[in-house]
Amino acid sequence: MAKRISKEVSLTQYQVNELDQETITLIEAAKKAALNAYSPYSNFQVGAALLLDNGETILGNNQENACYPAGLCAERVAFFSAKSRLPDAQILKVAIVAKPKGQEQFKMATPCGSCRQVMSEYENNQEQSIKVYLTATDGSILESDSIDNFLPFKFSNKDLFS
Ligand code: THU
């Protein structure tokens, strides 16, 4: 008989004054990084800031190209930068922010599918899960305990090798 298989995903919504200073600083770093995005085609500025277990913060922003598919999202720029320089570092947190160029307010944006897949790969390789912080529509912050919340039925190396 058909059986329903389900997974629960959840995010926690915080007001900024409920967050710890480390996370607020990370979100502010992502906002600064977004302002340096190279996005002349979409005029959409995305910033990502990673906090590593050695205390370092690694930044990324979206890098576009006249050949559109050659561009890369902020999250992948940041994750590839971190893992290429510090392959053994664990990623503790990622803050992701986005806004249209020329607007002051950061708005709700969740990571695209390819970025979810890339972030998931690195989360699978480390002991602790990666916390994600996004800006909610009303300016509050959404927290996820894991990349899994964004990719519940994920493809991973387990699918390849088992
Ligand atoms: N973008 C990101 O940087 N991250 C995402 O998760 C979604 C989209 C960028 C890609 C492109 O430069 C612009 O936003 C519009 O899609």
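Procedures and definitions
- Residues numbered from 1 in each chain as written.
- Predicted model: local features only at pLDDT ≥ 70, side-chain atom pairs only at ≥ 80, totals over all residues.
- Heavy atoms only, no water.
- Helix = DSSP H or I, 4+ residues; strand = E, 2+ residues; numbered from the N terminus.
- Buried < 20%, exposed > 50% of the residue type's maximum accessible area, 1.4 Å probe, protein only.
- Pairing = 2+ DSSP bridges.
- Expected span 1.5 Å × (residues − 1).
- Near = heavy atom within 4 Å.
- Polar contact = N/O pair within 3.5 Å; in protein donor to acceptor, adjacent residues only side chain to side chain.
- Areas by Shrake-Rupley, 256 points an atom, 1.4 Å probe, with all protein chains shown as cover.
- Phe/Tyr/Trp six-rings, centres within 6.5 Å; stacked < 30°, edge-to-face > 60°.
- Lys NZ or Arg CZ within 6 Å of the ring centre and 35° of its normal.
- 1 Å grid on protein atoms, 1.4 Å probe; cavity = no way out; pocket = protein on both sides within 12 Å on 5 of 7 lines; lining within 4 Å.
- Points joined across faces, edges and corners; volume = space filled by probe spheres on them.
- Nonpolar A, V, L, I, M, F, W, Y, C, P; charged D, E, K, R; others polar.

Participant: Describe unusual backbone geometry, and please don't skip the residues or the numbers.
Facilitator: At N43, a position not held by glycine, the phi torsion is positive, near 55 degrees. Tracing the chain through its elements places N43 in the loop between α1 (21–35) and β2 (44–52). Overall, the relative accessible area of 36% leaves N43 in the partly exposed class.

Participant: Go over the pairing of strand β6 (residues 141–144), please, and point to the residues and values.
Facilitator: Alternating positions in β6 separate into two faces, I141 and E143 on one and L142 and S144 on the other, with burial throughout. In the sheet, strand β1 (residues 12–14) pairs with β6 via three bridges, with the strands oriented antiparallel. The residue bridging Y14 from the neighbouring strand is I141, located in β6. Where strand β5 (residues 131–135) meets β6, four bridges bridge the pair, whose relative direction is antiparallel. If you follow T135 over to β6, its bridge partner there is I141.

Participant: Please give an account of helix α3 (residues 113–124) that cites residues and values.
Facilitator: Between its terminal C-alpha atoms α3 stretches 16 Å, which fits the 16 Å expected from 12 residues at 1.5 Å a residue. Those residues of α3 not exposed but buried are C115, R116, V118, M119, S120, Y122 and E123.

Participant: Go over the site of the ligand with me, naming the residues and quoting the values.
Facilitator: In the vicinity of the ligand, the contacting residues are S42, F44, V46, N62, E64, C73, A74, E75, P111 and C112. Within the side chain of E75, one N or O atom sits 2.7 Å away from an oxygen atom of the ligand. Within the contact set of the ligand, an oxygen atom lies 2.9 Å away from a backbone nitrogen or oxygen of C112. For the ligand, whose unbound accessible area comes to 370 Å², protein coverage reaches 74%.

Participant: An account of the packing of aromatic side chains is needed here, citing residue identities and associated values.
Facilitator: One pass over the structure, following the stated rule, counts two aromatic pairs. Ring geometry for F79 versus Y122: centroids 6.2 Å apart, planes at 20 degrees, classification stacked. One end of the pair, F79, is in helix α2 (residues 74–85); the other, Y122, is in helix α3, and 43 residues separate them in sequence. Classification of Y122 as buried rests on a relative accessible area of 17%. For K7, the ring lying beneath its charged end belongs to F153, and the centroid distance is 5.2 Å. Sitting over the face of the ring of F106, K99 holds its NZ or CZ atom 5.8 Å from the ring centroid.

Participant: Provide a residue-level description of the layout of surface pockets, including the pertinent values.
Facilitator: Each pocket or cavity is described by its volume, and for the largest pocket that value is around 310 Å³. In terms of lining, the largest pocket is formed by 22 residues, of which the most central are V46, N62, E64, L72 and C73. Elements with a minimum of two residues in the lining of the largest pocket: β2, α2 and β4 (91–100). Of the residues belonging to the lining of the largest pocket, the class tally is 14 nonpolar, five polar and three charged. By volume, the second largest pocket amounts to about 170 Å³. V16, L19, I24, I27, E28, K31, E104, Q105, F106, T135, G139 and I141 are the residues that line the second largest pocket. Ranked by residue count, the leading element in the lining of the second largest pocket is α1, at four residues. Among the residues forming the lining of the second largest pocket, the class breakdown is six nonpolar, three polar and three charged.

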